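Here is what each chain is made of, one letter per residue.
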Amino acid sequence: MEKKKPKNVFVQGAISSDFIGTSIAKHQTKTSIGAHNIFLGQVRADEIDGNTVTAIDYTAYEEMANQKFYEIREATFEKFDLTCMHIYHSLGKVNAGEICLFVFVSSPRRKVVFEALEYVVEAIKADVPVFGKEIFEDQTHQWKQNS
Amino acid sequence: MQLTIKYFGMLAEATTITEEEIHTDVCSVAQLVEKLKNQYPKLSDKDFKIAINQELVDQNHMITTETEVALLPPFAGG
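Residues numbered from 1 in each chain as written. Chains lettered and ligands numbered in written order. Predicted model: local features only at pLDDT ≥ 70, side-chain atom pairs only at ≥ 80, totals over all residues. Heavy atoms only, no water.

A. View of the overall build of chain A. Looking only at helices and strands, one finds three helices and eight strands in chain A. The order of α-helices and β-strands along chain A, N terminus first, is β-α-β-β-β-α-β-β-α-β-β. Its C-alpha atoms give chain A a radius of gyration of 16 Å, near enough to 15 Å, the size a compact globule of 147 residues would have. C-alpha atoms of chain A, sized along the principal axes, occupy 50 × 30 × 25 Å. For chain A, the residues scored as buried account for 44% of the 147 residues in total. Of the contacts made within chain A by residues no fewer than 6 positions apart, 76% connect residues no fewer than 24 positions apart. Averaging the coordinates of the 17 positive side-chain charges in chain A and doing the same for the 20 negative ones gives two points 9 Å apart. (Helix = DSSP H or I, 4+ residues; strand = E, 2+ residues; numbered from the N terminus. Rg over C-alpha atoms; globule rule 2.2 N^0.38 Å. Buried < 20%, exposed > 50% of the residue type's maximum accessible area, 1.4 Å probe, protein only. Contact = heavy atoms within 4.5 Å. Lys, Arg positive; Asp, Glu negative; His and termini not counted. Charge placed at Lys NZ, Arg CZ, Asp CG, Glu CD.)

B. Summary view of the overall build of chain B. The secondary structure content of chain B amounts to two helices and seven strands. Order of helices (α) and strands (β) in chain B, N terminus to C terminus: β-α-β-β-α-β-β-β-β. The C-alpha radius of gyration computed for chain B amounts to 12 Å, which stays within 12% of the reference 12 Å derived for 78 residues, consistent with globular compactness. Taken along its principal axes, the extent of the C-alpha atoms in chain B is 35 × 25 × 20 Å. Taking all 78 residues of chain B together, 50% fall into the buried category. A separation threshold of at least 6 residues defines the contact pool for chain B, and within that pool the share at least 24 residues apart is 53%. Summing over all exposed atoms, chain B offers an accessible surface of approximately 3,900 Å²; the carbon and sulfur share of this is 47%. Across chain B, the mean location of the 6 positive side-chain charges is 6 Å away from that of the 12 negative side-chain charges. (Areas by Shrake-Rupley, 256 points an atom, 1.4 Å probe, with all protein chains shown as cover.)

C. Geometry of the interface of chain B and chain A. On the chain A side, the residues contacting the 19 residues of chain B number 24 residues. Both faces combined, the contact of chain B with chain A buries some 1,800 Å², and carbon together with sulfur accounts for 57% of it. Per-residue buried area on chain B facing chain A is highest for B:Q54, B:F75 and B:G78; these three make up 36% of the total on that side. Where chain B touches chain A, the interface holds two salt bridges. Ionic pairing is found between A:E63 and B:K6, a salt bridge with its closest N-O pair at 3.8 Å. Between chain B and chain A we count eight residue pairs in polar contact (both at pLDDT 80 or more) in total. For the side of chain B that touches chain A, the elements supplying multiple residues, two or more each, are helix 1 (9-15), strand 5 (55-57) and strand 7 (67-72) of chain B. (Buried area = accessible area lost by both parts, 1.4 Å probe. Salt bridge = Lys/Arg side-chain N within 4 Å of Asp/Glu carboxyl O. Polar contact = N/O pair within 3.5 Å; in protein donor to acceptor, adjacent residues only side chain to side chain.)

D. A look at the pattern of salt bridges. Within this structure, the stated rule accounts for six salt bridges over all chains. Notably, a salt bridge pairs B:K6 with B:E68, separated by 3.9 Å at the nearest N-O pair. With a gap of 62 residues between them, B:K6 in strand 1 (residues 2-7) and B:E68 in strand 7 connect regions that are remote in the sequence. The network of salt bridges with common partners includes A:E63, B:K6 and B:E68.

E. Broad picture of the pairing of strand 2 (residues 19-23) of chain B. Residue and element names in this part refer to chain B. Of the two faces of strand 2, the one lined by E20 and I22 is fully buried and the one lined by E19, E21 and H23 carries no buried residue. The pairing of strand 1 with strand 2 spans five bridges and is antiparallel. When the bridges of strand 2 are listed, I5 appears paired with E20. (Pairing = 2+ DSSP bridges.)

F. A look at unusual backbone geometry. Located in the positive-phi region is A:D49, a residue other than glycine, with phi close to 50°. Relative to the elements of secondary structure, A:D49 occurs in the loop between strand 3 (47-48) and strand 4 (51-60). Judged by its relative accessible area of 79%, A:D49 falls in the exposed class. Despite not being glycine, B:N53 shows a phi value in the positive range, around 45°.

G. Focus on the sheet that holds strand 2 of chain B. All names here are of chain B. Strand order in this open sheet of five strands is 2-1-7-4-5, and the pairing throughout is mixed. This sheet does not close on itself; its edge strands, each paired only once, are strand 2 and strand 5. Each strand axis lies, on average, 35° off the axis of its neighbour in the sheet, ignoring direction. Inspection of the sheet shows strand 4 (residues 49-52) paired to strand 5 by three bridges, in the antiparallel sense. The residue of strand 5 that forms the bridge with I50 is V57. Seen against the sheet, helix 2 (residues 29-39) touches strand 1, strand 2, strand 4, strand 5 and strand 7 and runs at an angle of roughly 115° to strand 2. (Axes fitted to C-alpha atoms, helices over the stretch in contact; angles between N-to-C directions.)

Here it is, written out as structure tokens:
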């Protein structure tokens, strides 16, 4: 089988609710699907020592990150009976309250999508070289770290 | 041989560069990291992983050919 080139998962800035809505609508023609599951990562306005996070500025080692997203995608299709899967991650500045990660899995049956979605999101958090600079309201910053 | 070193996130901030070319003899990852920490003392207290040609490697990995080496701080995707 020919090896596919990894797709670009990254989008500049926040992921809009229009984009997410359109993505859902595009699946109405895929009538073998009986269940969708969606994860939306939202930038949290954490308060640290009296200073509030107003945005996260995302950067990535893009070539490696896209390769890792591709490997996660292949492993997920191997493990779960999914009809399709879409992953989008922001780069650049995303304000608190805006969406920075959109993962969308679909299958004929519901149980599969519950498990698959968690698997995909946990793998993204652990394995993909994306870096986040948390910007505070006074314009100072600190570097985010997934726990 | 020539290596391309890439720095990301807080490491780019610590070194004030995102990429550089360096010349070195064949060495282990640990030796390369030592050399970079000498050059950029601010790297010393940072936690990072090393990827060679976009794959994570451990400290004992030997660098024997011209390649791309990336210093990756903790991941924060999602």
